[in-house]
Structures are given as structure tokens and as C-alpha cells.
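Below are the chains, spelled out letter by letter.
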Amino acid sequence: MANVVLGVTGSIAAYRAADLARELMRGGCTVRVCLTPAAEKFVTRVLFESLTGQPCLVWAFDEPEAGRMAHIDWARQADLLVIAPATANILNKIASGVADDMLSTIALAYTGPMLVAPAMNPAMLANETTQASLRRLVSRGVEVVQPAEGEVACGEHGQGKLASVSEIASAAMALIGWTRRLEGRRVLVTSGPTREPIDSVRFLSNRSSGKMGAALAKAALWMGADVTVVTGPAAVPPPLGPKVVRVETALEMLAAASREAPTADLILAVAAVADYRAAEQHPGKMRRTEEDLVLRLVPNPDVVAELGRLAKPDAVLVGFAAEPTDDLAAARAKLERKGLHFIAANDVSQAGIGFESDENELVLIGREGSPERSGRLSKIGCAKWLLDRVAQALPGERETP
Ligand code: CTP
């Protein structure tokens, strides 16, 4: 049974959260409600406690179980956090990490999937700060059920009415279905660049930031998988939750990932593995001279191809190909050469996507069928998009409800 925390904030639409709570309970969820102090002006704790049979929290120091920190317990135990209605205030607060009441504190401590259904005056919604907060939340993977257009409580006309209860409930149930999709599966992610030492202070590497690998690890965790990340020295840390093995070189990545591959159901090779390493590592620091310097490089093993040999026969192998053009021929050739089931290509010649950026645009190529395009999305959006598709190739997989 999914454990949902329903956050209710101070909008006139707060009363509709009671129907939403019931709808989620009808869908088989355990619902625990957290009101903001402003929401308590519109609806009461007693209403939600009676409806859900669960304690309802308001203040940051509310502790239904003596000695337990409710904000941490609730954040840890939730499979989904829904905030409906979500005022401009809560959106702006959670986008920037303010935690000054129970709901915003739970939101800050929570690491799983989240859904928000904004409801507010149209000018407050159109406000640049609110829009920036919504964009920030979306870039972190938060689902937004957009408010409807119409007459709002203050008499104005425009976008700002809380979406219908059934729309919010079905978005929540779809997320819950989605979060179950990789339950019981082991996912191995190789991520980040590798560093190939030249001497004791210099190395060969590349521009991979590790953001796409971190996003995939996070999305796989949200889908219930048991995740291991083998990462080179990335600019961003992997998310909290997976087992993380830190490596430097391609050879170390191969050794670490080889230990995990035989039990993995899904292997996502996102790492930008350096193709060559220095033939000899100079002991200590190389000194400057006036002579030309020739560095002899030798090829590194192809990590993903090796992992494919070690993987279970029904494991699904996904590679990534950062290509300088939209021509998919090179990516297709890699799919064949490396024995992959899928390859996700991205055109790194386009500005604003791929290396180091927060957005990406993938073309997913399988062994059969035509390629699918994700369109430009946040990296976490891309990760969700990709996992939904490759998960279909796992043995025993049913369509998402
Ligand atoms: N890869 C790997 N080990 C390598 C090189 C690449 O595991 N030594 C994996 C990457 O993690 C990625 C896929 O292979 O999933 C494609 O990587 P890419 O660098 O695009 O391919 P290369 O084989 O290195 O081809 P090229 O550099 O010629 O484009």
C-alpha cells in the first residue's frame, strides 16, 4: 500500500483536499495530511484526522509519537508527497529550501517523487518568482498538475483555479504506479568522467559532469530499484540512497562495475569513459623542458561491452552516445558493436544540452523499431522518460497501470 503525505496549504481550495484525500484512499493509499498554519484557517486537523484515521501535522514541532521527529519520519516513510492546493508561498519556499513550518520542513527532508497542484490568483501565478520556482521544481523532477483557467475566488478571470480532484488523483496514482515499476530490480549505473593519470599531478579527462548519471540513479530509486552507481570524479554528487562506488580510472571503473554486473537487471552506462590512458605513468611530477613532448596512449577497455559479457542473459543494457551531429548512424553502430539493447544519443553540438548543462534531449534507439525522441527536458525529466521506455524490455514487465 502506498504511503502518501498530502500537504494542504492556505488557499480557498483547501476544502477540496478532503475529497482528494478520500480519492487517494479509495485508490488504496494510506494518506497522512500535513496542513500549513494558513491552511488551518480554512480547514481543520479534526476533519483530516477523522477522514484518514491518521494524525495530521501542522507545526514544525508536532510529534504524534513522543521522541520521534515527525518531519523526518514522514519524509522517510512517504512514497509520494502531494501538495494540493499549493499556494505561491509554498512553491517559492520549497523551491528555495525554506523550512519554517512542518510541511516545508518535510518537503526539504524528502527525497522521493513529488506532485504539486498550484492554486492561486492569476497574477500570483504569472509572477516571475513563482514561475521561476515552478521551473526549478520541474527541473528537480517535481510533477506539476497545472491549474485551470476560469473565474478564481477573488473574482478575477485567468489561470489559477485548482485542477479537478480527479485530475490530481489520477496524476498521483500514475506516479505511484510509476514508482513501483522497478521494484525488486537491481540497476547499475556507470557515471561521470574517468581520469587517466599522466604523472602525480596531471590527468586526461573529459567534460562529463555526472549530472545525467545522477539523474538516472535518482529516477531509478524513485521507481523502487536497488541502485548501485559506479562513478568517476563527477562535478555533482550522486543522489542520496544508492550504493556508490567511487573510482578514478577506466580500469578501476571496469573492475568495480564488473563486480556488480552479474546481478544487475538493468545496466545504464552513462559514464564518459576515457578511451585512452597514458602508456606509462611518470613517477612524481613531470618537469618542463624546451623539448617537444610525445605522450603515448594505449586504448582502455570498453567498459559497457565487457559488462554485457558478465551480465545475466536477460539483463537490459543501455549505452549513451554523445554525438556531435544529429546523424544517428554512429550511435546505431555503437549499439551493434557494444551488444547493447538500447542506446540513447544526444546531439552535443546543440547549445544548452548535454555536457555540464541541466537539460538534455535524447534519441532512444532500440534493436528494433524506430528511434524515439524525448524532446528537450530537464535531465531528471529525460531520466524518467528513458527509464519508462527501457523498463518495458525487462523480463516479466507489465505496462504501467
Ligand atoms: N563506453 C564504455 N567504455 C569505453 C567507452 C565507452 O563503457 N571505454 C560506453 C559509454 O559509457 C557509453 C557508450 O560506451 O555508454 C558510448 O560511449 P562513446 O564514448 O560515445 O563511444 P566510444 O566507443 O568511445 O566511441 P567514440 O569515442 O569513437 O565516439
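Here the structure is a predicted model, which is why all the values come from computation and not from measurement.

What counts and what doesn't
Residues numbered from 1 in each chain as written. Predicted model: local features only at pLDDT ≥ 70, side-chain atom pairs only at ≥ 80, totals over all residues. Heavy atoms only, no water. Helix = DSSP H or I, 4+ residues; strand = E, 2+ residues; numbered from the N terminus. Rg over C-alpha atoms; globule rule 2.2 N^0.38 Å. Buried < 20%, exposed > 50% of the residue type's maximum accessible area, 1.4 Å probe, protein only. Contact = heavy atoms within 4.5 Å. Areas by Shrake-Rupley, 256 points an atom, 1.4 Å probe, with all protein chains shown as cover. Lys, Arg positive; Asp, Glu negative; His and termini not counted. Charge placed at Lys NZ, Arg CZ, Asp CG, Glu CD. Patch = residues over 30% accessible without salt bridge, like charges linked within 9 Å, V, L, I, M, F, W, Y side chains within 5 Å. Salt bridge = Lys/Arg side-chain N within 4 Å of Asp/Glu carboxyl O. Pairing = 2+ DSSP bridges. Near = heavy atom within 4 Å. Polar contact = N/O pair within 3.5 Å; in protein donor to acceptor, adjacent residues only side chain to side chain. Axes fitted to C-alpha atoms, helices over the stretch in contact; angles between N-to-C directions. Left-handed = near helix turned anticlockwise from the far one by under 90°. Nonpolar A, V, L, I, M, F, W, Y, C, P; charged D, E, K, R; others polar. Phe/Tyr/Trp six-rings, centres within 6.5 Å; stacked < 30°, edge-to-face > 60°. Lys NZ or Arg CZ within 6 Å of the ring centre and 35° of its normal. Arc of directions from axis to C-beta. Domains from an automatic or database assignment. Buried area = accessible area lost by both parts, 1.4 Å probe. Core = buried A, V, L, I, M, F, W, Y, C linked by side-chain atoms within 4.5 Å.

### Some words on the overall build of the protein chain
So, step 1. When its secondary structure is counted, the protein chain shows 13 helices and 21 strands.
So, step 2. In terms of overall dimensions, the protein chain is globule-like: its C-alpha atoms have a radius of gyration of 24 Å, near the 21 Å expected for 401 residues.
So, step 3. Considered along the principal axes of its C-alpha atoms, the protein chain spans approximately 75 × 50 × 45 Å.
So, step 4. The burial tally for the protein chain puts 51% of its 401 residues in the buried class.
So, step 5. Considering only intrachain contacts with a sequence separation of at least 6, the fraction spanning at least 24 residues in the protein chain is 67%.
So, step 6. Summing over all exposed atoms, the protein chain offers an accessible surface of approximately 18700 Å²; the carbon and sulfur share of this is 51%.
So, step 7. A gap of 3 Å separates the mean positions of the 43 positive and 47 negative side-chain charges of the protein chain.

### Quick notes on a nonpolar patch on the surface
So, step 1. A surface patch of nonpolar side chains, amounting to about 350 Å² of accessible area, comprises Ile12, Tyr15 and Phe42.
So, step 2. You can see Phe42 is positioned in the loop between strand 2 (30-35) and helix 2 (45-52).
So, step 3. A relative accessible area of 44% means that Phe42 is categorised as partly exposed.

### Regarding the pattern of salt bridges
So, step 1. For the structure shown, the criterion picks out 25 salt bridges.
So, step 2. Close ionic contact of Arg202 with Asp199 constitutes a salt bridge, the shortest N to O distance being 2.4 Å.
So, step 3. Its relative accessible area of 35% is what places Arg202 among the partly exposed residues.
So, step 4. Across the pair Glu306 and Arg309 runs a salt bridge, and its minimum N-O distance is 2.9 Å. One end of the pair, Glu306, and the other, Arg309, are both in helix 11 (residues 303-310), three residues apart, so they sit about a helical turn from each other.

### Details of the sheet that holds strand 16 (residues 316-323)
So, step 1. On the basis of which strands lie adjacent, the open sheet formed by eight strands has the order 12-11-8-13-16-17-19-20 and mixed pairing. The sheet is open, and its two edges are formed by strand 12 (243-246) and strand 20 (372-373), each paired on a single side.
So, step 2. Both strand 8 (residues 186-191) and strand 13 (residues 266-269) contribute to a ladder of four bridges, which runs parallel. Of the residues in strand 13, the one forming a bridge with Thr190 is Ala269.

### Describing the site of the ligand
So, step 1. Taken together, 14 residues sit near the ligand, with Ala269, Ala271, Val304, Lys334 and Lys338 positioned nearest.
So, step 2. Within the side chain of Asp275, an N or O atom sits 2.9 Å from an oxygen atom of the ligand.
So, step 3. At 2.9 Å, a backbone N or O of Val303 approaches a nitrogen atom of the ligand.
So, step 4. Its free accessible area being 570 Å², the ligand has 77% of it covered by the protein chains.

### So, the packing of helix 4 (residues 88-96) against helix 5 (residues 102-109)
If you want to describe how two helices pack, look at the angle between their axes and the distance between the axes.
So, step 1. Interhelical geometry of helix 4 versus helix 5 gives an angle of 35° and a closest axis separation of 10 Å. Crossing handedness for the pair helix 4 and helix 5: right-handed. Where helix 4 abuts helix 5, its residues Ile90, Lys93 and Ile94 lie against Leu103, Ser104 and Ala107.
So, step 2. Classifying every residue of the contact of helix 4 with helix 5 gives four nonpolar, one polar and one charged.

### Describing the packing of aromatic side chains
So, step 1. According to the stated counting rule, one finds zero aromatic pairs in the structure shown.
So, step 2. Of note, Lys384 hangs over the ring of Trp178, and the distance from its end group to the ring centre comes to 5.6 Å.

### Observations concerning the sheet that holds strand 5 (residues 143-144)
So, step 1. Read across the sheet, five strands follow the order 2-1-3-4-5 without closing on themselves; strand pairing throughout is parallel. On the outer flanks of this sheet lie strand 2 and strand 5, each paired with one strand and no other.

### Focus on helix 1 (residues 16-26)
So, step 1. Buried within helix 1 we find Ala17, Ala18, Leu20, Ala21 and Leu24. For helix 1, the buried positions fall inside an angular range of 160° around the axis, keeping them on one side.
So, step 2. If you follow the buried residues of helix 1, they end up packed against strand 1 (3-8), strand 2, helix 2, strand 3 (80-86) and helix 8 (165-179).
So, step 3. Of the residues flanking the end of helix 1, it is Gly28, one or two places downstream, whose phi is positive at about 95°.

### Observations concerning the domain arrangement of the protein chain
When the parts come together, some accessible area is lost, and that loss is often what is quoted as the size of the interface.
So, step 1. By domain assignment, the protein chain separates into domain 1 (3-179) and domain 2 (186-393).
So, step 2. Measuring from the centre of the C-alpha atoms in domain 1 to the corresponding centre in domain 2 gives 36 Å.
So, step 3. If you look at the interface, domain 1 gives ten residues, while domain 2 gives nine residues.
So, step 4. Taken together, both faces of the contact between domain 1 and domain 2 bury some 890 Å²; the carbon and sulfur share is 58%.
So, step 5. At the surface where domain 1 touches domain 2, the tally comes to one salt bridge.
So, step 6. One salt bridge in this structure joins Lys384 and Glu143, with 2.9 Å as the shortest N-O distance.
So, step 7. On the surface where domain 1 and domain 2 come into contact, there are five residue pairs in polar contact (both at pLDDT 80 or more).
So, step 8. Listing elements by their share of the side of domain 1 that touches domain 2, those giving two or more residues are helix 7 (128-139) and helix 8.
So, step 9. Partitioned by chemical class, the residues of the side of domain 1 that touches domain 2 number three nonpolar, five polar and two charged.

### Regarding the nonpolar core
So, step 1. If you look at the biggest cluster of nonpolar residues, it comprises 69 residues, and the most contacted ones within it are Leu6, Val82, Ile168, Leu268 and Leu386.
So, step 2. Counting contributing residues per domain, this core is built from domain 1 (3-179) and domain 2 (186-393), each supplying no fewer than three.
So, step 3. Apart from the residues within four sequence positions on either side, Leu268 is in contact with Val187, Leu188, Val189, Thr190, Leu216, Val318, Leu386 and Leu387.

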